[in-house]
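# Breakdown of the fold
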Amino acid sequence: MAATSTRLSKPARREQLLDTAVRIVRTRGADGLTLVTLAEAAGVSRPIVYDHFGTRPGLLLALYRRLDERHRAAISRALQDSAPSAGEVARVMSSAYFTCAADMPELGAVSAALKGNPEVEAVQRELLDGYTDLMAGALVPHSALTAGALRLRCVGVLGAAEGIAAELNGERTTLGDAVAALADLILGALGALGALGDPGDSGGRKDPRGGAGR
């Protein structure tokens, strides 16, 4: 039976429950997280947990969003402290991406637990849009690309980042090599190619006369 819980506002209670859920996944894995185990670990009644999340997939989705927001916030903070150069922005972004992922293994565990959930695809699309906007915003001062071309390249780089992360998680590469590879991809696709590509083809680069490239 759950212990009597301290009375909290609903938003504060939700934060407490999500913090507890992170600890459960860290110690027991995603399979160990259910509405019942969360209620027991948080010291609240089951109806309180059901009221916040409804179902186990609802809980996992809420936790996935929470972890993703923390990951993105950590990258944003790192970018704020970076030197204003393309190379430094690429290095800081790459380092923060993989370091945060390594520090939050729960994100991968929850993502795997959500496989096959019909709501996940829409949520992942929404979250990918957030990462894309973050990356494009950091790189736009260093890019000669149009906004659309820059964003498309960011989508491609983030796809590559997921592949490199899989190699890192499988211990087929090191953190240092992963960071260097992603930084090179960012510079190669969004910096060097945007500024130094074939002068006969704008390839999405801004027209120096003020119009957009083809």
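The structure under discussion appears in the preceding block.
Residues numbered from 1 in each chain as written. Predicted model: local features only at pLDDT ≥ 70, side-chain atom pairs only at ≥ 80, totals over all residues. Heavy atoms only, no water.

### Some words on the environment of Ala-41
Inspection of the secondary structure assignment puts Ala-41 in helix 2 (residues 35-42). When its relative accessible area of 41% is taken as the criterion, Ala-41 is described as partly exposed. In this structure the C-alpha to C-alpha distance between Ala-41 and Leu-17, which are 24 residues apart in sequence, comes to 9.0 Å. Residues within four places of Ala-41 in sequence aside, it is in contact with Thr-20, Ile-24 and Arg-28. (Helix = DSSP H or I, 4+ residues; strand = E, 2+ residues; numbered from the N terminus. Buried < 20%, exposed > 50% of the residue type's maximum accessible area, 1.4 Å probe, protein only. Contact = heavy atoms within 4.5 Å.)

### Remarks on empty space enclosed by the protein
Going through the model one piece at a time under the given rule, you end up with two cavities of 30 Å³ or more. Empty space within the largest cavity amounts to approximately 90 Å³. Lining the largest cavity are Ile-75, Met-93, Ser-94, Tyr-97, Tyr-131, Leu-134, Met-135, Val-157, Leu-158, Ala-161, Leu-182 and Ile-186. Along the lines of polarity and charge, the residues of the lining of the largest cavity split into 11 nonpolar, one polar and no charged. (1 Å grid on protein atoms, 1.4 Å probe; cavity = no way out; pocket = protein on both sides within 12 Å on 5 of 7 lines; lining within 4 Å. Points joined across faces, edges and corners; volume = space filled by probe spheres on them. Nonpolar A, V, L, I, M, F, W, Y, C, P; charged D, E, K, R; others polar.)

### Comments concerning the packing of aromatic side chains
Summed over all chains, the structure comprises one aromatic pair. Between Tyr-97 and Phe-98 the ring centres are 5.2 Å apart and the planes differ by 85 degrees, which places this aromatic pair in the edge-to-face class. Accessibility classification places Tyr-97 together with Phe-98 in one group, the buried group. Over the aromatic face of Tyr-131 sits the side chain of Arg-72, whose NZ or CZ is 5.5 Å from the ring centroid. (Phe/Tyr/Trp six-rings, centres within 6.5 Å; stacked < 30°, edge-to-face > 60°. Lys NZ or Arg CZ within 6 Å of the ring centre and 35° of its normal.)

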